[in-house]
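Listed below are the residues making up each chain.
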Amino acid sequence: MKTARFVVALLALLLVAPWQSAKAADVICYNCPPEWADWASMLKALKADLNFDIPHDNKNSGQALAQILAEKNNPVGDIGYFGVTFGMKAKTQDALEPYKPAKWDQVPAGLKDADGYWTTIHSGTLGLFVNKDALGGKPVPACWKDLLKPDYKGMVGYLDPSSAAVGYVGAVAINLALGGSEANFDPAINFFKDLRKNDPIVPKQTSYARVVSGEMPILFDYDFNAYRAKYSEKGSFEFVIPCEGSVVFPYVAGLVKNAPNKDKAKKVLNYLLSDKGQAIWTNAYLRPARPIDLPEAVKKKFLPDSEYARAKNVDWGQMENVQKGFVDRYLAEVR
């Protein structure tokens, strides 16, 4: 009899536990990892100001979109956060519904979907996030081509460009910097082929901690992560915009179609574009989507504007159109 009661109680617990877990979250944001872009601080601010519990989520852009699509008939997520190319894919694949957050009209036209399916909340500049202490006395690389030198064998990391937005941004940056175009990815493919000889580390998800620990001395990453390490971690870190050039990349957020917590999700999206929300991003060394001035204390910590002049804006809509062709080639010729 006791065994039967135990089984019944266990079944009841298993049925209730998922419901309690879902109930504990006010909003589900796919791809809001605490170590990326300092989402940890943003989610704390949302808790303090809106009293919303939003769990951390360590997906990348591709994984977030795949999860939303897999749950399309019974949505779980409320907000998707993506690199802009995946935001475009999410709209095309009917994963999002339109919503124009408060102050949406102040976001430049090129940084938002005209119908409100996705909106940039901040942008980053791609470059090299370097742990100088882990270089073993070797110089900080100044250019993309420096990474091909035997000196940096086993030291260079980049996120998988077939699944992570930052991985594809790195490929675009290298391709354009080395003379390629949207119609010609040969320079990037050749670069990655050559880099293979140096045994690169190619993770699929954010790798901030691995750079800070010294396991991965050099990572293709954004300025905001490198500055975060430089000014908040023990050690010596640097951000490098390679001598050949780089690109600026917007990150966007959108409302999941038929989101279960739609009203709360809309309030979160409003907050991300609010004056306070945009200021929080700048404290994490991100460029705001709306035209607000960087706080002087933050601006002093960035590389000078003369360095940023090498980072170009790109037609990411066109780059999204050619992404599949690059990924197919990368998988066939490099990986």
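About the cut-offs
- Counting restarts for each chain: residues are numbered from 1 in the order of the written sequence.
- Selection of residues for local features in this predicted model requires a pLDDT of at least 70, selection of side-chain atom pairs for listing and counting requires 80 or more, and totals for whole chains, interfaces and linings are taken over all residues.
- Side-chain metrics rest on all non-hydrogen atoms present in the structure, leaving aside hydrogens and water.
- To define axes, lines are fitted to C-alpha atoms, for helices over the stretch in contact only, and angles between the resulting N-to-C directions are given on a 0 to 180 degree scale.
- By the criteria applied, helices consist of DSSP H or I runs no shorter than four residues and strands consist of E runs no shorter than two, each listed in order from the N terminus.
- If an angle is under 35 degrees, it is roughly parallel; if it is over 145, roughly antiparallel; if it lies from 65 to 115, roughly perpendicular; otherwise it is oblique.
- By convention, the crossing between two helices is left-handed when the near helix turns anticlockwise from the far helix through less than a right angle, and right-handed when the turn is clockwise.
- By definition in these notes, contact holds between two residues if any of their heavy atoms fall within 4.5 Å.
- Here the term charged refers only to Asp, Glu, Lys and Arg, the term nonpolar to Ala, Val, Leu, Ile, Met, Phe, Trp, Tyr, Cys and Pro, and the term polar to all other amino acids, Gly among them.
- For each residue, the accessible area found with a 1.4 Å probe, counting protein chains only, is set against the maximum for its type, and the residue is called buried under 20%, exposed over 50%, and partly exposed in between.
- The domain limits used here are those given by an automatic or database domain assignment.
- The term buried area denotes the loss of accessible surface (1.4 Å probe radius) that occurs when two parts are joined, taken as the sum for both partners.
- Any carboxyl oxygen of Asp or Glu within 4 Å of a side-chain nitrogen of Lys or Arg constitutes a salt bridge here.

## Some thoughts on the packing of helix H6 (residues 186-196) against helix H13 (residues 316-333)
Working note: a packed helix pair is described by the angle between its axes plus the distance between those axes.
Phase 1 of the analysis: Running from N to C, H6 and H13 point in directions that differ by 30°, and their axes come no closer than 11 Å. By the angle between their directions, the pair H6 and H13 is classed as roughly parallel. Once H6 is placed against H13, the crossing between them reads as right-handed. Of the residues in H13, those touching H6 at Asp186, Ala188, Ile189, Phe192, Lys193 and Arg196 are Phe326, Arg329, Tyr330 and Glu333.
Phase 2 of the analysis: Within the contact of H6 with H13, the residues separate by chemical class into five nonpolar, no polar and five charged.

## A word on the environment of Leu272
Phase 1 of the analysis: Here Leu272 lies in helix H9 (residues 262-273).
Phase 2 of the analysis: Separated by 59 residues in the primary sequence, Leu272 and Leu331 have C-alpha atoms spaced 36 Å apart.

## Re helix H4 (residues 84-92)
Phase 1 of the analysis: Counted residue by residue, H4 has seven buried out of nine residues, so it is predominantly covered.
Phase 2 of the analysis: Residues of H4 that are buried include every one of Val84, Thr85, Phe86, Gly87, Met88, Lys89 and Ala90, and no others.
Phase 3 of the analysis: Tucked into the core, H4 has its buried residues touching helix H3 (61-70), strand S2 (79-83), strand S3 (96-97), helix H5 (165-177), strand S8 (246-256) and H13.
Phase 4 of the analysis: Residue Asp94 follows H4 closely and has a positive phi angle near 60°.

## Some points on the domain arrangement of the chain
Phase 1 of the analysis: Domains assigned within the chain are domain 1 (29-123 + 249-305) and domain 2 (124-247 + 315-334).
Phase 2 of the analysis: Measuring from the centre of the C-alpha atoms in domain 1 to the corresponding centre in domain 2 gives 24 Å.
Phase 3 of the analysis: Residue-level contacts link 26 residues of domain 1 with 27 residues of domain 2.
Phase 4 of the analysis: Each partner contributes to the roughly 2400 Å² buried at the junction of domain 1 and domain 2, and carbon and sulfur atoms together form 60% of this total.
Phase 5 of the analysis: Taken as a group, Glu35, Trp36 and Phe249 account for 28% of the area that domain 1 buries against domain 2, more than any other trio of residues on that side.
Phase 6 of the analysis: Summed over the shared surface of domain 1 and domain 2, the result is one salt bridge.
Phase 7 of the analysis: As a salt-bridge pair, Glu320 and Lys89 come within 3.5 Å of each other at their nearest N and O atoms.
Phase 8 of the analysis: Taken together, the elements giving at least two residues each to the side of domain 1 that touches domain 2 come down to H3, H4 and S8.
Phase 9 of the analysis: In terms of residue count, H4 provides more of the side of domain 1 that touches domain 2 than any other element does, five residues in total.
Phase 10 of the analysis: A class-by-class count of the residues in the side of domain 1 that touches domain 2 yields 14 nonpolar, eight polar and four charged.

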